[in-house]
Amino acid sequence: MSSPDQDKEYVGFATLPNQVHRKTVKKGFTFTLIVAGESGLGKSTLINSLFLTDLYKDRKVLNAEERISRTVAIIKHTVGIEEKGVKLRLTIIDTPGFGDAVNNTESWRHIDDYIDQQFEQYFRDESGLNRRNIQDNRVHCCLYFISPFGHGLRPLDVDCMRALHEKVNIIPVLAKADSLTPAEVCRKKMKIREEIKQFGINIYQFPECDSDEDEDFKTQEQILKNSIPFAVIGSNVQVESKGRKFRGRVYPWGVVEVENPAHSDFLLLRNMLVRTHMQDLKDVTREIHYENYRAQCIQNMTRMVVLERKRRWVEADFPLPLAVADTEKERLIYEKDEEVCFSSFIHSFIHSST
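Residues numbered from 1 in each chain as written. Predicted model: local features only at pLDDT ≥ 70, side-chain atom pairs only at ≥ 80, totals over all residues. Heavy atoms only, no water.

Caption draft 1: Main features of the side chain of Ser235. One can find Ser235 in the loop between strand E6 (230–231) and strand E7 (238–241). Owing to a relative accessible area of 3%, Ser235 belongs among the buried residues under this scheme. Within polar-contact distance, the side chain of Ser235 engages the backbone oxygen of Gly248 at 2.8 Å. (Helix = DSSP H or I, 4+ residues; strand = E, 2+ residues; numbered from the N terminus. Buried < 20%, exposed > 50% of the residue type's maximum accessible area, 1.4 Å probe, protein only. Polar contact = N/O pair within 3.5 Å; in protein donor to acceptor, adjacent residues only side chain to side chain.)

Okay, structure coming up:
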C-alpha cells in the first residue's frame, strides 16, 4: 500500500499515549510514603538508601530516657528528585517515638489521624470551587518495619497494621536482615506471613498478571509475592572489597552488600516501590482507600441532612410524611426538596471548613 493511502486511513488517535506522557512528565509526579516501626530498626538509613538522598541530616539521636518520655511525632520530609527529565516530589512521613514508650497502647493513633487528615483535606479541596491545582498529600504507602528479634509479630505490630490496613497500602519489612542467617530469614518470613493471615491483616496485594503478560514479568511478580515481608539491609556508607566499591556494611566475619540479592531483598523492594508498582500504589489509594473514606463522609453528611430536615419538620409543628407521596408531582417536589437540602448542607460544610 502506498504512503498516501496509509495517510488517508490513519486517524491519529494512536498518538494519545504520547500526548498523555508529555503532559504528565511536564506536570511531574508525587508520592507520599510513611514509615512506621520502633526506633533502631534502620528506617532512616533504608529511606536514604532507597532514594539516594539524605533526609535526616539534622536528626538528633535521643537517649533511652528521652525516647521513653516522648510521644509519637509526625515529621514530614519533602524533597524534589529529577531523573532523566522526570520530576518526582517525594514526601516521607517519619514517626519518631512510635513503639518507644513503656505503654504503647494506641500509639498508632497519631499515624491513623494523620492519614485521615490528608483524606479530609483532599475531600475538601475537590469539593471546593478551585479544583484545578489540588495538591495530593494522601499517603500512598506505609513501610512497616518489623523487628528481627523475637518470634514474629508483636501485639503492637498487629494492632497498628489492623488499624491502618483499610486506609493505606501496608508493605511489611523485616528490618536488619543481616542479623539473621538465611535459614532464620526464611523461617521468620513464613511465621510473619502466617500471623498476617491469622490476624486478618490486609497488606498490599500485588495486582494479578494478565494472561497476555510475558513469562518474565509473571515470574518477577511471583518473586515479589514470595518475598513478603522484604528482608532488607540499609547503608549509606561506601565500602571497598576486591577492587569494587559498593554500599554495604563491614563485619569481622565479612562484608554485606546492600544491593546484593543474595544478602537482602533491598533491590526487590526498591524496584517494586519505584520502577514497577508506584503507580499501582497510587491507584489503589485513590480507587479504594480514598473512595471508602469519601463514601463514608457522604453517608455521614446525608444522615445529618435527614436529621436536620426532621428537626425542621418538628420545629415547624408540621407532620412528617409517613407514606410515599400520592401523586407523581408531590413525589418529585419531595425529592427536589431533599436534593436542595443536601446541596445546601454540603455548601455550608465546605465553607465552614475553609
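Caption draft 2: Spotlight on the sheet that holds E6. Across the sheet, which stays open at both edges, the six strands sit in the order E2-E3-E1-E4-E5-E6 with mixed pairing between neighbours. In the strand order of this sheet, the two ends are held by strand E2 (75–83) and E6, each with one partner. Here strand E1 (residues 29–36) pairs with strand E4 (residues 141–146) via four bridges, running parallel. Across the sheet, residue Ala36 finds its bridge partner in E4, namely Tyr144. (Pairing = 2+ DSSP bridges.)

Caption draft 3: Molecular detail of the UniProt feature "site: Important for dimerization" (unreviewed entry) in the protein chain. As annotated in UniProt, the feature "site: Important for dimerization" (unreviewed entry) corresponds to Phe149 in the numbering used here. Within the fold, Phe149 resides in the loop between E4 and helix H6 (155–164). Once residues lying within four places of it in the same chain are set aside, the contact partners of Phe149 are Ser179 and Lys188. (UniProt positions renumbered as here; feature names shortened; annotations may be inferred. Contact = heavy atoms within 4.5 Å.)

Caption draft 4: Molecular detail of the pattern of salt bridges. In the structure shown here, the tally under the stated rule is 17 salt bridges. The shortest N-O distance in the salt bridge between Glu126 and Arg294 comes to 3.3 Å. Residue Glu126 is found in helix H5 (residues 109–127), and its partner Arg294 is found in helix H10 (residues 278–315); the two are separated by 168 residues along the sequence. With a relative accessible area of 18%, Glu126 lands in the buried category. Notably, a salt bridge pairs Asp265 with Lys189, separated by 2.5 Å at the nearest N-O pair. Note that Asp265 is positioned in the loop between strand E9 (254–257) and helix H9 (266–276) and Lys189 in helix H7 (residues 182–198), a separation of 76 residues in sequence. Assessed through its relative accessible area of 11%, Asp265 is described here as buried. What you see here is one network of salt bridges that share partners, running through Arg109, Asp112, Asp116 and Lys167. (Salt bridge = Lys/Arg side-chain N within 4 Å of Asp/Glu carboxyl O.)

Caption draft 5: Seen up close, the packing of helix H3 (residues 43–51) against H9. At a minimum axis distance of 10 Å, the contact between H3 and H9 shows a crossing angle of 65°. Classified by chirality, the crossing of H9 by H3 is right-handed. Contacts between H3 and H9 involve Leu46, Ser49, Leu50 and Phe51 from the former and Phe266, Leu269, Arg270, Leu273 and Val274 from the latter. Considering only residue class, the contact of H3 with H9 consists of seven nonpolar, one polar and one charged. (Axes fitted to C-alpha atoms, helices over the stretch in contact; angles between N-to-C directions. Left-handed = near helix turned anticlockwise from the far one by under 90°. Nonpolar A, V, L, I, M, F, W, Y, C, P; charged D, E, K, R; others polar.)

Caption draft 6: Fine view of the sheet that holds E9. The strand order across the open sheet formed by three strands is E7-E8-E9, and the pairing between neighbours is antiparallel. In this open sheet, the two strands that pair with only one neighbour each are E7 and E9. Strand-to-strand twist in this sheet, taken as the mean axis angle between neighbours without regard to direction, amounts to 70°. Where strand E8 (residues 244–251) meets E9, four bridges bridge the pair, whose relative direction is antiparallel. The residue bridging Arg249 from the neighbouring strand is Val256, located in E9.

Caption draft 7: A look at the pairing of E1. A large share of E1 lies buried, amounting to seven of its eight residues. Inspection of the sheet shows E1 paired to strand E3 (residues 86–94) by six bridges, in the parallel sense. When the sheet's bridge partners are listed, Phe31 is paired in E3 with Leu90.

Caption draft 8: Just empty space enclosed by the protein, in detail. Tallied over the entire structure, the rule returns one cavity of 30 Å³ or more. Put simply, the largest cavity is a space of about 30 Å³. What lines the largest cavity is Gln118, Gln121, Tyr122, Asp125, Gln135, Asn137 and Arg138. Here the lining of the largest cavity is composed, by residue class, of one nonpolar, four polar and two charged. (1 Å grid on protein atoms, 1.4 Å probe; cavity = no way out; pocket = protein on both sides within 12 Å on 5 of 7 lines; lining within 4 Å. Points joined across faces, edges and corners; volume = space filled by probe spheres on them.)

Caption draft 9: Summary view of unusual backbone geometry. Residue Pro229 is reached from Ile228 by a cis peptide bond, and omega for that bond is -10°. Along the chain, the position of Pro229 falls in the loop between helix H8 (215–227) and E6. Of note in this structure, Lys176 is not a glycine but carries a positive phi near 50°. Taking the relative accessible area as the measure of exposure, Lys176 reaches 31% and is therefore partly exposed.

Caption draft 10: A look at the pairing of E4. For E4, the tally of buried residues reaches six of six residues, placing the bulk of the element in the interior. Here E4 shows two buried faces, one formed by Cys141, Leu143 and Phe145 and the other by Cys142, Tyr144 and Ile146. Chirality of the crossover, the property in question, places the unit of E4, H6 and strand E5 (residues 170–174) among those that are right-handed. (Right-handed = clockwise from strand over helix to strand, strands pointing away.)

Caption draft 11: Spotlight on the nonpolar core. Counting residues in hydrophobic clusters, the biggest one holds 72 residues, and the most contacted among them are Phe31, Leu50, Leu143, Ile171, Phe230, Leu269 and Leu273. Here this core gets seven residues from one element, more than from any other, and that element is H10. The residues touching Leu50, leaving out its near neighbours within four places in the chain, are Leu143, Phe266, Leu269, Arg270 and Leu273. (Core = buried A, V, L, I, M, F, W, Y, C linked by side-chain atoms within 4.5 Å.)

Caption draft 12: Highlighting the packing of aromatic side chains. Across all of its chains, the model carries five aromatic pairs by this definition. Centroid distance Phe119 to Tyr290: 5.8 Å. Interplanar angle 55°. Geometry classified as tilted. Here the residue Phe119 occupies a position in helix H5, and Tyr290 occupies one in helix H10, the gap between them amounting to 171 residues. Each member of the pair, Phe119 as well as Tyr290, is classed as buried. Ring geometry for Phe119 against Tyr293: centres 5.4 Å apart, planes inclined by 40°, an arrangement best described as tilted. One end of the pair, Phe119, is in helix H5; the other, Tyr293, is in helix H10, with 174 residues separating them in the sequence. Of the two residues, Phe119 and Tyr293, neither departs from the other in class, the shared state being buried. Connected via pairs of aromatic rings, a cluster forms that spans Phe119, Tyr122, Tyr290 and Tyr293. Seen from the ring of Tyr290, Arg138 lies directly overhead, with NZ or CZ sitting 4.9 Å from the centre. (Phe/Tyr/Trp six-rings, centres within 6.5 Å; stacked < 30°, edge-to-face > 60°. Lys NZ or Arg CZ within 6 Å of the ring centre and 35° of its normal.)

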